[in-house]
Amino acid sequence: MRMTEFLSKNDVANWRNAWQSAIDVNNPNRQKLYDIYRDAMVDAHLSGCIQQRVGFVMSRSFKLVDSSGNTNEEANHYLDQSWFKELCRLALDSIWYGHSLIELGDLITDGDGHPSLSHVTLIPRKHVIPEYGRVVPRVGMTWRTGIEYREQPFCDWLIEVGQPHDLGLLLKAALHTIPKKHALSFWDCFAEIFGMPMRIARTTTRDPKEYKRIEDMIYQGASNLGMVTDMNTEIQFVESGKGDAFNVYDKRIDRANSELSKLTIGQTMTIEDGSSLSQSQTHLQVFMNLVESDRDLLRDIINNQLIPKLIKLGFPLKGLRFEWDDAVDYTPEQQVAYETMIVDRYDVDSSYFTEKYGMPVGKRRNPMTLPDEDGNEGDDKNAQKKREKNLERFFDTLDRLMEGHSADEVARILHSSRQDFFD
């Protein structure tokens, strides 16, 4: 039974008390800790770092392979569904929130007549006590009154992600989002007090109506400030001499942001300012290492938990494993350069362009043939082997170059003034 949650202020003392309550051995309770996590996720910098890391994982292609490593294209359809993408996102949330319990939806049939799931749902974290494998009906109840979800019949419909005692990276992140929020609030107060000049009116009038009129002009002037007074009234604007707010508040906020970047994506340069190409490449490699660890997490969950449960539900996935498709993905510019270099030097089946671009392509107007070892043009077996060998060498070289160069740089390298690669 879910109930409305109430928003409240949190400070470091609340964070420490919530942490202590979550690690209580006899009666673990993460309710207060999840309230702090909810406030932490409002931080724009933290949520941006998390979305960047999750986005890199979710953008990767996957495949289902058999014991021989061959891809089963038809089986990919069973996981290429919205419920599976949502499952991956919820599983990745366990990195930040800690233990997550995901429930599989109803078994249905998709539009193509294949078995599918209606949805996946995250069991509300405040109701889950993973240390004892229980789900409590109401928030705040002890684990002894909960339901054992690791037993039948519930376990066949549940995916458990993360270790039972894992509290997630938001435990560390909240220690930086709390003072950052306070620094922003204090900076707003500073701007409110010292940002606008103080307006002082000095008058000798004793008329209450005149006094009230001057007072209203002072307080309600705002951007349309204008005053009409007598000769005995003096208006003065007092400018603030405070100018160190930037160093006091902005530096504190920058430090909190850099700490959050290091915690979530392992570095700062891919989401903050950076000018050095070599340093940015090093930072990117650190970030990609974290992405690889997230991919390994998802792969283990899918192979060890999801696929066996789907097989029990009737999905024809027996003998298949989930793997990430690490085939090279080229940008449109790289793809054009790649296809141009291939077509200029090798015979390409016209069906490739017909299937990829929907363009009816006939035979080449000027087919190119490679000379054999004796200098004669032909298509005998030796020439064919040489062509295949050169093509294999070209692909190896192209893959290496594409890792660290743009399409134009690759073209210049392959066609340098010293010697054309294809010669």
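See above for the structure.
Computed from a predicted model, the values in this text were never measured in an experiment.

### Some details on the overall build of the chain
- On a plain count of helices and strands, the chain comes out with 13 helices and 12 strands.
- Taking all contacts inside the chain whose residues are at least 6 apart in sequence as the whole, residues at least 24 apart take part in 63%.
- Counting only carbon and sulfur atoms, one obtains 51% of the accessible surface of the chain, whose full area is about 26,300 Å².

### A closer look at unusual backbone geometry
- In this structure, the amide linkage connecting Gln152 to the following residue, Pro153, adopts the cis form with an omega of 0°.
- Examined against the element boundaries, Pro153 turns out to sit in the loop between β8 (147-148) and β9 (158-161).

### Here's the deal with the sheet that holds β9
- Strand order in this open sheet of 3 strands is β5-β2-β9, and the pairing throughout is antiparallel. With one partner strand each, in any of the chains shown, β5 (120-122) and β9 form the two edges of the open sheet. Mean inter-strand twist for the sheet, computed between neighbouring axes without regard to direction, equals 25°.
- Relative to β9, strand β2 (residues 100-104) runs antiparallel, the two sharing 4 bridges. Along β9, the bridge assignment pairs Glu103 with Leu158.

### Some details on the environment of Val135
- Relative to the elements of secondary structure, Val135 occurs in strand β7 (residues 134-135).
- Sequence-distant contacts of Val135, defined by excluding residues within four places in its chain, comprise Leu101, Ile123, His127, Val128, Gly146, Ile147 and Tyr149.

### Section: the packing of helix α1 (residues 12-22) against helix α2 (residues 31-40)
- It is the contact of α1 with α2, at a shortest axis distance of 7 Å, that shows an interaxial angle of 135°. The pairing of α1 with α2 is recorded here as oblique in orientation. In terms of crossing hand, the pair formed by α1 and α2 is left-handed. Side by side, α1 and α2 meet where Asn14, Trp15, Ala18, Trp19 and Ala22 of the first sit next to Lys32, Leu33 and Ile36 of the second.
- Here the residues of the contact of α1 with α2 sort into 6 nonpolar, 1 polar and 1 charged.

### A short note on the sheet that holds β8
- As summarised here, the arrangement of the 3 strands in space is β6-β7-β8, forming an open sheet in which the pairing is antiparallel. Looking at the sheet topology across the chains shown, the edges are occupied by β6 (128-129) and β8.

### Focus: helix α8 (residues 245-265)
- Over its 21 residues, α8 extends 29 Å from the first C-alpha to the last, a length consistent with the 30 Å expected when each residue adds 1.5 Å.
- Among the residues of α8, those classed as buried are Ala245, Tyr249, Asp250, Ile253, Ala256, Asn257, Ser258, Leu260, Ser261, Thr264 and Ile265.
- Where α8 terminates, the next one or two residues include Gly266, which has phi positive at roughly 80°.

### Some points on the nonpolar core
- Core analysis: the biggest nonpolar cluster contains 57 residues, and Trp83, Phe84, Leu306, Leu310, Leu317 and Phe322 have the highest contact counts within it.
- Of all the elements, helix α5 (residues 82-97) adds the most residues to this core, at 10 residues.
- Look past the residues within four positions of Leu310 in its chain and what remains in contact with it is Leu79, Trp83, Leu117, Phe315 and Leu317.

### A look at the pattern of salt bridges
- Evaluated as defined, the whole model comprises 19 salt bridges.
- Note that Glu210 and Arg213 form a salt bridge whose closest N and O atoms lie 2.7 Å from each other. Placement of the pair is Glu210 and Arg213 together in helix α7 (residues 208-220), with a separation of 3 residues, close to one helical turn.
- Under the relative-accessibility criterion, Glu210 is labelled buried at 17%.
- Where salt bridges share partners, they join Asp35, Arg38, Asp39 and Lys126 into one cluster.

### Topic: helix α6 (residues 170-194)
- Taking 1.5 Å of rise per residue, 25 residues should cover 36 Å, and α6 covers 35 Å from first to last C-alpha, within 8% of that figure.
- Turning to α6, its buried residues are Leu170, Leu171, Ala173, Ala174, Thr177, Ile178, Lys180, Ala183 and Phe190.
- Contact partners of the buried residues in α6: α1, α2, α3 (44-58), α5 and α8.

### A word on the side chain of Asn10
- Structurally, Asn10 can be placed in the segment before α1.
- Note on Asn10: relative accessible area 10%, which makes it buried.
- Here the side chain of Asn10 touches Ser8 through a polar contact of 3.4 Å, landing on its backbone oxygen.
- Looking at Asn10, its side chain comes within polar contact range of the side chain of Asp39, at 2.5 Å.
- Residues contacting Asn10, with those up to four places away along its chain left out, are Asp35, Ile36, Asp39, Ile178, Lys181 and His182.

### Considering a nonpolar patch on the surface
- There is a patch of nonpolar side chains on the surface, built from Tyr352, Tyr357, Met359 and Val361 and spanning about 360 Å² of accessible area.
- With respect to the secondary-structure elements, Tyr357 resides in helix α11 (residues 351-357).

### Observations concerning the packing of aromatic side chains
- Tallied over the full model, the rule gives 12 aromatic pairs.
- When the centroid spacing of 5.9 Å and the interplanar angle of 65° are considered together, the rings of Tyr34 and Tyr37 count as edge-to-face. One end of the pair is Tyr34 and the other is Tyr37, both in helix α2 and 3 residues apart, which spans about a single turn.
- Given a relative accessible area of 9%, Tyr34 falls into the buried group.
- Owing to a relative accessible area of 0%, Tyr37 belongs among the buried residues under this scheme.
- With a centroid separation of 5.4 Å and an interplanar angle of 25°, the aromatic rings of Phe62 and Phe322 are classed as stacked. On the criterion of sequence distance, the pair formed by Phe62 in strand β1 (residues 62-65) and Phe322 in strand β12 (residues 321-324) is long-range, its members being 260 residues apart.
- For Phe322, a relative accessible area of 0% translates into the label buried.
- Linked through ring pairs, Phe62, Trp83, Phe84, Phe322 and Trp324 together constitute an aromatic cluster.
- The ring of Tyr97 carries the charged tip of Arg125 above its face, separated from the ring centre by 4.2 Å.

Reading the values: rules and limits
- Residues numbered from 1 in each chain as written.
- Predicted model: local features only at pLDDT ≥ 70, side-chain atom pairs only at ≥ 80, totals over all residues.
- Heavy atoms only, no water.
- Helix = DSSP H or I, 4+ residues; strand = E, 2+ residues; numbered from the N terminus.
- Contact = heavy atoms within 4.5 Å.
- Areas by Shrake-Rupley, 256 points an atom, 1.4 Å probe, with all protein chains shown as cover.
- Pairing = 2+ DSSP bridges.
- Axes fitted to C-alpha atoms, helices over the stretch in contact; angles between N-to-C directions.
- Parallel < 35°, antiparallel > 145°, perpendicular 65-115°, else oblique.
- Left-handed = near helix turned anticlockwise from the far one by under 90°.
- Nonpolar A, V, L, I, M, F, W, Y, C, P; charged D, E, K, R; others polar.
- Expected span 1.5 Å × (residues − 1).
- Buried < 20%, exposed > 50% of the residue type's maximum accessible area, 1.4 Å probe, protein only.
- Core = buried A, V, L, I, M, F, W, Y, C linked by side-chain atoms within 4.5 Å.
- Salt bridge = Lys/Arg side-chain N within 4 Å of Asp/Glu carboxyl O.
- Polar contact = N/O pair within 3.5 Å; in protein donor to acceptor, adjacent residues only side chain to side chain.
- Patch = residues over 30% accessible without salt bridge, like charges linked within 9 Å, V, L, I, M, F, W, Y side chains within 5 Å.
- Phe/Tyr/Trp six-rings, centres within 6.5 Å; stacked < 30°, edge-to-face > 60°.
- Lys NZ or Arg CZ within 6 Å of the ring centre and 35° of its normal.

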